Amino acid sequence: MTRTAGLFSASFLLASALAAQTANPPVVPGRGRAGVGDSATVDSAVAALYGSVSHGPDAEPDWKRMRDLFLPVGMLIPPKRAGEDMFTVLDVDGFQDRVRKGAAAAKT
């Protein structure tokens, strides 16, 4: 590959990455977009994630807000449980089921 072709390829990849960062996120049927403030920066995205799962003792997390923060292929990997060799990989719906089951078990 010539030096010119290499520079062109690197410039193209950089421009593609920058364009992808500034493009509007996709809207998925049944899921919205994260609020502009929720995805403006890494700090705001992390704060929105914590805000979506924070709740009072008699309330549930804000599942819609959490779903809006993730792409449909987004995955969560909770800490490995003691005695288990494998990590659990969950989508948002699987995480919601796990939290609900854990909350129900804690109430009994």
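As a reminder, the structure under discussion sits directly above these lines.
Here's what I pulled together on the structure shown here. Counting restarts for each chain: residues are numbered from 1 in the order of the written sequence. Thresholds applied to this predicted model are a pLDDT of at least 70 for local features of residues and 80 or more for the giving and counting of side-chain atom pairs; totals over whole chains, interfaces and linings are not thresholded and use all residues. In computing side-chain properties, one takes all heavy atoms of the structure into account and sets aside hydrogens as well as water.

### Structural notes on the overall build of the protein chain
The secondary structure content of the protein chain amounts to 4 helices and 0 strands. Burial classification: accessible surface area is computed with a 1.4 Å probe over protein chains only, and a residue below 20% of its type maximum counts as buried, one above 50% as exposed, and the rest as partly exposed. Counting across all 108 residues of the protein chain, residues that qualify as buried make up 19%. Any pair of residues with heavy atoms lying within 4.5 Å of one another is described as a contacting pair. Looking at the protein chain alone, contacts between residues at least 24 apart form 34% of all its contacts between residues at least 6 apart. To qualify as a helix, a DSSP run of H or I must reach at least 4 residues; to qualify as a strand, a run of E must reach at least 2; elements of each kind are numbered from the N terminus.

### A look at the packing of aromatic side chains
In summary, the pairing rule links any two rings of Phe, Tyr or Trp, Trp by its six-membered ring, whose centres are within 6.5 Å, and it sorts them by plane angle into stacked for under 30 degrees, edge-to-face for over 60 and tilted for everything else. Summed over the entire model, instances satisfying the criterion amount to 1 aromatic pair. Ring geometry for Trp-63 versus Phe-95: centroids 6.2 Å apart, planes at 75°, classification edge-to-face. With Trp-63 in helix H3 (residues 63–69) and Phe-95 in helix H4 (residues 92–107), this residue pair connects regions lying 32 residues apart in the sequence. This pair shows no difference in class: Trp-63 is buried, exactly as Phe-95 is. Charge-over-ring contacts are defined here by two conditions on Lys NZ or Arg CZ: a distance within 6 Å of the ring centre and an angle within 35 degrees of the ring normal. For the cation-ring pair, Lys-80 lies above Phe-87, with the distance from its terminal atom to the ring centre recorded as 5.6 Å.

### A closer look at H4
Every helix has an expected span of 1.5 Å times one less than the residues it contains. Look at H4: 23 Å from first C-alpha to last across 16 residues, which is about the 22 Å you get at 1.5 Å a residue. When we look at burial in H4, the residues that qualify are Val-92, Gly-94, Phe-95 and Gln-96. As for H4, its buried residues are in contact with helix H2 (42–53) and H3.

### Some thoughts on a nonpolar patch on the surface
The patch calculation keeps residues exceeding 30% relative accessible area without a salt bridge and links them within 9 Å when they carry like charges or within 5 Å when they are nonpolar (Val, Leu, Ile, Met, Phe, Trp, Tyr). Surface exposure here means Shrake-Rupley accessible area, sampled with a 1.4 Å probe, where a residue is shielded only by the protein chains that are shown. Salt bridge, as used here: a side-chain nitrogen of Lys or Arg that lies within 4 Å of a carboxyl oxygen of Asp or Glu. Where nonpolar side chains cluster on the molecular surface, the patch consists of Met-75, Ile-77, Phe-87 and Val-89 and spans about 420 Å² of accessible area. Within the element layout of this structure, Val-89 appears in the loop between H3 and H4. Of the residues examined, Val-89 reaches a relative accessible area of 51% and is grouped as exposed.

### Here's the deal with the side chain of Gln-96
Inspection of the secondary structure puts Gln-96 in helix H4. For this analysis, a polar contact is any N or O atom pair within 3.5 Å, provided that within protein one partner can donate a hydrogen and the other can accept it, and provided that sequence-adjacent residues contribute only side-chain to side-chain pairs. Engagement of the side chain of Gln-96 in a polar contact is seen with the side chain of Arg-67, the distance being 2.3 Å. Apart from the residues lying within four places of it in its own chain, the contact partners of Gln-96 are Trp-63 and Arg-67.

### So, the side chain of Ser-52
Assignment of secondary structure puts Ser-52 in helix H2. The class for Ser-52 is buried, based on a relative accessible area of 0%. In terms of polar contacts, Ser-52 uses its side chain to reach the backbone carbonyl oxygen of Leu-49, at 2.7 Å. For Ser-52, the residues in contact, after removing those within four places along its chain, are Pro-61, Asp-62, Arg-65, Met-66 and Leu-69.

Distances and angles like these do not, on their own, reveal function.
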